[in-house]
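Geometric and topological summary
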Amino acid sequence: FAAVDFFNQINMLYGTITDFCTEESCPVMSAGPKYEYHWADGTNIKKPIKCSAPKYIDYLMTWVQDQLDDETLFPSKIGVPFPKNFMSVAKTILKRLFRVYAHIYHQHFDPVIQLQEEAHLNTSFKHFIFFVQEFNLIDRRELAPLQELIEKLTSKDR
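Residues numbered from 1 in each chain as written. Predicted model: local features only at pLDDT ≥ 70, side-chain atom pairs only at ≥ 80, totals over all residues. Heavy atoms only, no water.

1. Some details on the overall build of the chain
- Along the chain, the regular secondary structure elements total seven helices and two strands.
- The helix and strand sequence of the chain, counted from the amino end, reads α-β-β-α-α-α-α-α-α.
- The C-alpha atoms of the chain give 16 Å as radius of gyration, which agrees with the globular expectation for 158 residues (15 Å, within 12%).
- Each principal axis of the C-alpha atoms in the chain carries an extent, and together these give about 45 × 40 × 25 Å.
- The proportion of buried residues among the 158 residues of the chain is 44%.
- A separation of at least 24 residues holds for 68% of the contacts in the chain among residues at least 6 apart in sequence.
- For the chain, the accessible area works out to roughly 9100 Å², and carbon and sulfur atoms hold 52% of it. (Helix = DSSP H or I, 4+ residues; strand = E, 2+ residues; numbered from the N terminus. Rg over C-alpha atoms; globule rule 2.2 N^0.38 Å. Buried < 20%, exposed > 50% of the residue type's maximum accessible area, 1.4 Å probe, protein only. Contact = heavy atoms within 4.5 Å. Areas by Shrake-Rupley, 256 points an atom, 1.4 Å probe, with all protein chains shown as cover.)

Printed below as a string of structure tokens:
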């Protein structure tokens, strides 16, 4: 399942900029001034809470890992069917992973350039976007924070 690859890539990319994404520098999880994200996992935290970006991303990565490790959602044995709610869970995973890309691009692009991670980030994001667009996995409204970048990255190849 491609979400595992995207999860690992985003985890690694975010890991390179954690020194820049702190409670002080990012008191809210955002993607520019117009987009703010509040965390809820539906289990432990039912009502969305406002939290810092590092805390949000920690919650998110832990939640995604828990989903990926859940044998009832992502069966590892051949012949075991995926559950009926598989697509909705997969879409939620991808929607939330997009938010990490959006946060990195909007709030931490300078450190990405300083660390010479720009090409890696762009390639990773481009693969992610082609995948979610191909299978219509994320609502267009959710992609709005990076719409210009998406158009730039995807127009050259059409």
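2. Side note on the packing of helix H1 (residues 2-16) against helix H5 (residues 118-134)
- Where H1 contacts H5, the axes come no closer than 11 Å and their chain directions differ by 155°. The orientation of H1 relative to H5 falls into the category roughly antiparallel. Every pair of crossing elements has a handedness; the one defined by H1 and H5 is left-handed. Residues Ala2, Phe6, Gln9, Met12 and Leu13 of H1 form the contact with H5, whose participating residues are His120, Leu121, Ser124, His127, Phe128 and Phe131. (Axes fitted to C-alpha atoms, helices over the stretch in contact; angles between N-to-C directions. Parallel < 35°, antiparallel > 145°, perpendicular 65-115°, else oblique. Left-handed = near helix turned anticlockwise from the far one by under 90°.)

3. A word on H5
- Helix length check: H5, at 17 residues, gives a terminal C-alpha distance of 24 Å against a target of 24 Å (1.5 Å per residue), a fit within 8%.
- Looking only at H5, the buried set comprises Leu121, Asn122, Ser124, Phe125, Phe128, Ile129 and Val132. Buried residues of H5 fall within an arc of 165° about the axis and therefore sit on the same side. Looking at H5, the residues exposed on the side facing more than 90 degrees away from the buried face are Ala119 and Glu134.
- On its buried face, H5 is in contact with H1, helix H3 (86-107), helix H4 (109-114), helix H6 (140-143) and helix H7 (147-155). (Expected span 1.5 Å × (residues − 1). Arc of directions from axis to C-beta.)

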